[in-house]
Amino acid sequence: MNEIIVIVGGGIAGMEAASQLIKLGYSPIIIEKSDRLGGHVAKWNRLFPDMTPAKDVVDSLIASCKDANIFLNTEIYSVNRLKDRYNIMLSNGVSISARHILMTTGFKLFEASKKEEYGYGIYNQVVTNADLEHWFNGNADSRMDGSQMGAVGFVHCVGSRDEKARNSQCSKVCCITAIKQAIEMKEKFPDAEIYCFYMDLRLFGKKFEDFYTKAQRDHGIHFIRGRVSEVGENIEGKVIVKAEDTLLGKPIKVTLDLLVLMSGMVCNSENAKVASMLALPNDSDGFFMSTDNIMNINSSPKKGIHYAGACTGPKTVPETLAEARAAALEIHTSIKEQQ
């Protein structure tokens, strides 16, 4: 088909949508600002709850959308609406005219350094979930040199459900990601004591509860309900964590070789540029606002603009892929109705 469909974002949502559109006979265009496809998932090592290698998922999606027109290291320079079409100028000088634009621009991770009380960027042995995944992928990190660790802690909800951080929303995947990473650390350091500090455990997805049970039963991971109140460092460079166990009703203090902060999903601030060009509304949490949150989550109030994945809010990988398929079908249906 000759209909041009522009997909902004080359993460898993953009690639899956492109794959489905190719199957429907279209030749979609993917615009990706970085030098590779895959988004955040390409930076992860394994995915919960099956411990599937992230690389396998990304490689499969790349192969499935190889017939798309892909522009890497490219951004939208300008967008203008003309009658029923959008005229899009790219940063590489290419101009595109399209009736449908699919936004799959994803999210950003909360900057853990903004929560100074947790010591990221202050104490050497404090890292983020993204740092840990980077290390799991075989990349060197002086904070994790591979030597034996006696104790590791995970702090949930860093930058999520936090009015001070201006993000009252649940990040949705932090709890299950912490469990996954805690299991992985226990596998690497069988003798280590692993602690997870949480407010509430929100384990809504398929097999998530089983994963949580496995973490306790098979790996002996300790789950402590309570906010971390203070993080410090002793003379040996180890992290000292003070918290209150609200289930036992008493304060606790643990000494750790490593503290991992579970940075949550927040809106991609770079979306604001495109949103202003298209006069797209943002929700109260900064993510793109869908037509509604039940029947039309893939739709924008602007005709011809569609959404998929975490650009409208925190999503798991299965949810993101499902939305991408739905958005592709929605675009196809709209084109058929316009013919």
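Residues numbered from 1 in each chain as written. Predicted model: local features only at pLDDT ≥ 70, side-chain atom pairs only at ≥ 80, totals over all residues. Heavy atoms only, no water.

Peer 1: I'd love a proper account of unusual backbone geometry, names of residues and values included.
Peer 2: In this chain, F48 is followed by P49 through a cis amide linkage whose omega measures -10 degrees. Along the chain, P49 turns up in the loop between strand 3 (46–47) and strand 4 (52–53). We note that K207 has phi near 70 degrees; this positive angle belongs to a residue other than glycine. Relative to the helices and strands, K207 is located in the loop between strand 13 (193–198) and helix 5 (208–217). Of note, the phi angle at A279 is positive, near 55 degrees, even though the residue is not glycine. Accessibility expressed as a relative area gives 49% for A279, which makes it partly exposed. (Helix = DSSP H or I, 4+ residues; strand = E, 2+ residues; numbered from the N terminus. Buried < 20%, exposed > 50% of the residue type's maximum accessible area, 1.4 Å probe, protein only.)

Peer 1: Kindly report on the pattern of salt bridges, identifying the contributing residues and their values.
Peer 2: A complete count under the given rule lists 22 salt bridges for this structure. Notably, a salt bridge pairs K115 with D162, separated by 2.6 Å at the nearest N-O pair. Of this pair, K115 sits in the loop between strand 10 (107–109) and strand 11 (126–128) while D162 sits in the loop between strand 12 (151–158) and helix 4 (174–188); the two residues are 47 residues apart in sequence, bridging distant segments of the chain. Counted as one network, the salt bridges with shared partners bring together R46, E133, K180, E184 and E187. (Salt bridge = Lys/Arg side-chain N within 4 Å of Asp/Glu carboxyl O.)

Peer 1: Describe the sheet that holds strand 14 (residues 222–225), naming the residues involved and giving the relevant values.
Peer 2: Judged by pairing direction, the sheet is parallel, and its five strands sit side by side in the order 11-18-12-13-14 without closing on themselves. One side of each edge strand has no neighbouring strand; the edge strands of this open sheet are strand 11 and strand 14. Taken pair by pair, the neighbouring strands of this sheet meet at an average axis angle of 25 degrees, ignoring direction. Bridge count for strand 13 against strand 14 is four bridges, and the pairing is parallel. Along strand 14, the bridge assignment pairs Y198 with R225. (Pairing = 2+ DSSP bridges. Axes fitted to C-alpha atoms, helices over the stretch in contact; angles between N-to-C directions.)

Peer 1: Pulling in residues and values, what's your account of the sheet that holds strand 9 (residues 100–103)?
Peer 2: Pairing within the open sheet is parallel, and its five strands lie in the order 5-2-1-9-20. Two strands lie at the open edges of the sheet, namely strand 5 (69–71) and strand 20 (305–307), each paired on one side alone. Looking at each pair of strands side by side, their axes are set apart by 20 degrees on average, direction ignored. As paired strands, strand 9 and strand 20 are joined by three bridges and run parallel to one another. In the strand pairing of strand 20, I101 is matched with I305. The strands that helix 7 (residues 317–338) touches are strand 1 (5–8), strand 9 and strand 20; relative to strand 9, the one it contacts most, it runs at about 170 degrees. (Contact = heavy atoms within 4.5 Å.)

Peer 1: Run through the environment of A112, naming residues and quoting values.
Peer 2: Within the element layout of this structure, A112 appears in the loop between strand 10 and strand 11. The exposure class of A112 is buried, given its relative accessible area of 4%. Taking the C-alpha atoms as reference points, A112 and G159, 47 residues apart in sequence, are found 7.3 Å from one another. Excluding residues that lie within four positions of it along the chain, A112 makes contacts with Y120, T128, L261 and S263.

Peer 1: Could you give an account of the side chain of E32, with specific residues and numbers?
Peer 2: Structurally, E32 is set in the loop between strand 2 (29–31) and strand 3. Of the side chains bearing the opposite charge, K33 lies closest to the buried E32, which forms no salt bridge; the N-O distance is 6.5 Å. Of the polar contacts made by the side chain of E32, one reaches the side chain of S34; its length is 2.7 Å. In this structure, E32 is in contact with G9, G10, G11, L37, F71, L72, N73 and T74, ignoring residues within four places of it in sequence. (Lys, Arg positive; Asp, Glu negative; His and termini not counted. Polar contact = N/O pair within 3.5 Å; in protein donor to acceptor, adjacent residues only side chain to side chain.)

Peer 1: Break down the nonpolar core for me, citing the residues and quoting the values.
Peer 2: Counting 38 residues, the largest nonpolar core has F154 and M185 as its most contacted members. Of all the elements in the fold, those that place two or more residues in this core are helix 3 (129–136), strand 12, helix 4, strand 13, helix 5 and strand 18 (258–263). For this core, the leading source of residues is helix 4, giving eight residues. Not counting the four nearest positions on each side in its chain, M185 is found in contact with L132, W135, F136, M149, V152, F154, I194 and L258. (Core = buried A, V, L, I, M, F, W, Y, C linked by side-chain atoms within 4.5 Å.)

Peer 1: Summarise the pairing of strand 6 (residues 76–82); cite the residues concerned and give the values.
Peer 2: In terms of strand pairing, strand 6 meets strand 7 (residues 85–90) through six bridges, oriented antiparallel. If you follow R81 over to strand 7, its bridge partner there is Y86. Count of turn residues in the strand 6/strand 7 antiparallel hairpin: two residues, of which K83 carries a positive phi of about 55 degrees.

Peer 1: Mind laying out the packing of aromatic side chains, listing which residues take part and the relevant values?
Peer 2: Across all of its chains, the model carries seven aromatic pairs by this definition. Geometrically, the ring pair formed by Y195 and F197 is stacked, given 6.5 Å between the ring centres and 20 degrees between the ring planes. Taken together, a centroid distance of 4.8 Å and an interplanar angle of 85 degrees make the contact between Y212 and F223 edge-to-face. Pair noted here: Y212 is in helix 5 and F223 is in strand 14, with a separation of eleven residues, a long-range link. For Y212, a relative accessible area of 17% translates into the label buried. Aromatic rings pair up to connect F48, F204 and F208 into one cluster. (Phe/Tyr/Trp six-rings, centres within 6.5 Å; stacked < 30°, edge-to-face > 60°.)

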